[in-house]
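Now for the letters of each chain:
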Amino acid sequence: MIDGLVFPDVRECLNDLIDGTEHLDETVRMVWHLPADDYGSLQGPFPIVLVYTNGGTEGFYDRVDRVTLECYAPGTQAVNTLESIKAFICGTGIETTHGYLDNIKSDQVPEDVPYASDTLNKASATFTVTSRPL
């Protein structure tokens, strides 16, 4: 019976929460694939937040997904934007258009990550998202 359970898509739920919100006086654009020009360079406007899942666990009545957010922005804006997003999304009883989330917890705090660019920095943070079947 557990094989037939359908859980919310946590990427869609996080997109509902984050895309278009303002952090540090800048509007955040959330993507599932990084936008690049013909030469492979990232295209703005920045900050851009990439979301992807890293697996998780499924219990009898709930599911815990591990989700990574990567922020691309000039200078320290990348890590500071992720800190603001972390404060904004973490909590319990979160309702979105694409489903209900029991909680979002920070698993790995935002940190600068090496990135080969003269103008952009990259920051990464990992969260655990607990949900129940739809």
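A short note on the pairing of strand S4 (residues 48-58)
- As judged from the three bridges shared by strand S3 (residues 29-31) and S4, these two strands associate in the parallel manner. Across the sheet, Met-30 pairs through a bridge with Val-49, a residue of S4.
- Bridging between S4 and strand S5 (residues 63-73) involves nine bridges; their strand directions are antiparallel. Considered in S5, the bridge of Tyr-52 is made with Thr-68.
- From the end of S4 to the start of S5, which pair antiparallel, there are four residues.

Details of the sheet that holds strand S8 (residues 121-131)
- Strand order across the open sheet formed by six strands is S3-S4-S5-S8-S7-S6, with mixed pairing between neighbours. The strands lining the two open edges of the sheet, one partner per strand, are S3 and strand S6 (91-96). The mean inter-strand angle of the sheet, taken between neighbouring strand axes irrespective of direction, is 35°.
- Sheet topology note: the strand S7 (residues 99-113)/S8 ladder contains nine bridges and is antiparallel. Paired with Lys-105 across the strands is Thr-128, a residue of S8.
- Each of S4, S5, S6, S7 and S8 touches helix H2 (residues 77-89); the most contacted strand, S8, lies at about 15° to it.

Examining the packing of aromatic side chains
- Across all of its chains, the model carries one aromatic pair by this definition.
- With centroids separated by 5.2 Å and ring planes inclined at 70°, the aromatic side chains of Tyr-72 and Tyr-115 adopt a geometry described as edge-to-face. Highlighted residues: Tyr-72 in strand S5 and Tyr-115 in the loop between S7 and S8, separated in sequence by 43 residues.
- Here Tyr-115 falls in the partly exposed class, since its relative accessible area comes to 32%.
- For Arg-11, the ring lying beneath its charged end belongs to Trp-32, and the centroid distance is 3.7 Å.

Brief notes about the nonpolar core
- Ranked by size, the top nonpolar core spans 25 residues in total, and within it Leu-14, Ile-18, Leu-69, Ile-85, Ile-89 and Ile-104 carry the most contacts.
- Secondary-structure elements contributing two or more residues to this core are helix H1 (10-18), S4, S5, H2, S7 and S8.
- Setting aside residues up to four positions removed in sequence, Ile-89 forms contacts with Leu-14, Leu-17, Ile-18, Leu-69, Ile-94, Ile-104 and Phe-127.
- By size, the runner-up hydrophobic cluster in this structure holds six residues, among which are Val-31, Ile-48, Tyr-72 and Leu-120.

Concerning the pattern of salt bridges
- One pass over the structure, following the stated rule, counts five salt bridges.
- A salt bridge links Glu-58 to Arg-63, with the shortest nitrogen-to-oxygen separation between them at 3.8 Å.
- On the basis of relative accessible area, Glu-58 is assigned to the partly exposed category, the value being 43%.
- Among the salt bridges present, the one from Arg-66 reaches Asp-107, with a minimum N-O distance of 2.4 Å. Taken together, the positions of Arg-66 in strand S5 and Asp-107 in strand S7 put the pair 41 residues apart, joining distant regions of the chain.
- Each member of the salt-bridge network shares a partner with another, and the members are Glu-58, Arg-63 and Asp-65.

Thresholds applied
Residues numbered from 1 in each chain as written. Predicted model: local features only at pLDDT ≥ 70, side-chain atom pairs only at ≥ 80, totals over all residues. Heavy atoms only, no water. Pairing = 2+ DSSP bridges. Helix = DSSP H or I, 4+ residues; strand = E, 2+ residues; numbered from the N terminus. Axes fitted to C-alpha atoms, helices over the stretch in contact; angles between N-to-C directions. Contact = heavy atoms within 4.5 Å. Phe/Tyr/Trp six-rings, centres within 6.5 Å; stacked < 30°, edge-to-face > 60°. Buried < 20%, exposed > 50% of the residue type's maximum accessible area, 1.4 Å probe, protein only. Lys NZ or Arg CZ within 6 Å of the ring centre and 35° of its normal. Core = buried A, V, L, I, M, F, W, Y, C linked by side-chain atoms within 4.5 Å. Salt bridge = Lys/Arg side-chain N within 4 Å of Asp/Glu carboxyl O.

The quantities given are spatial measurements derived from coordinates; they are silent on function.
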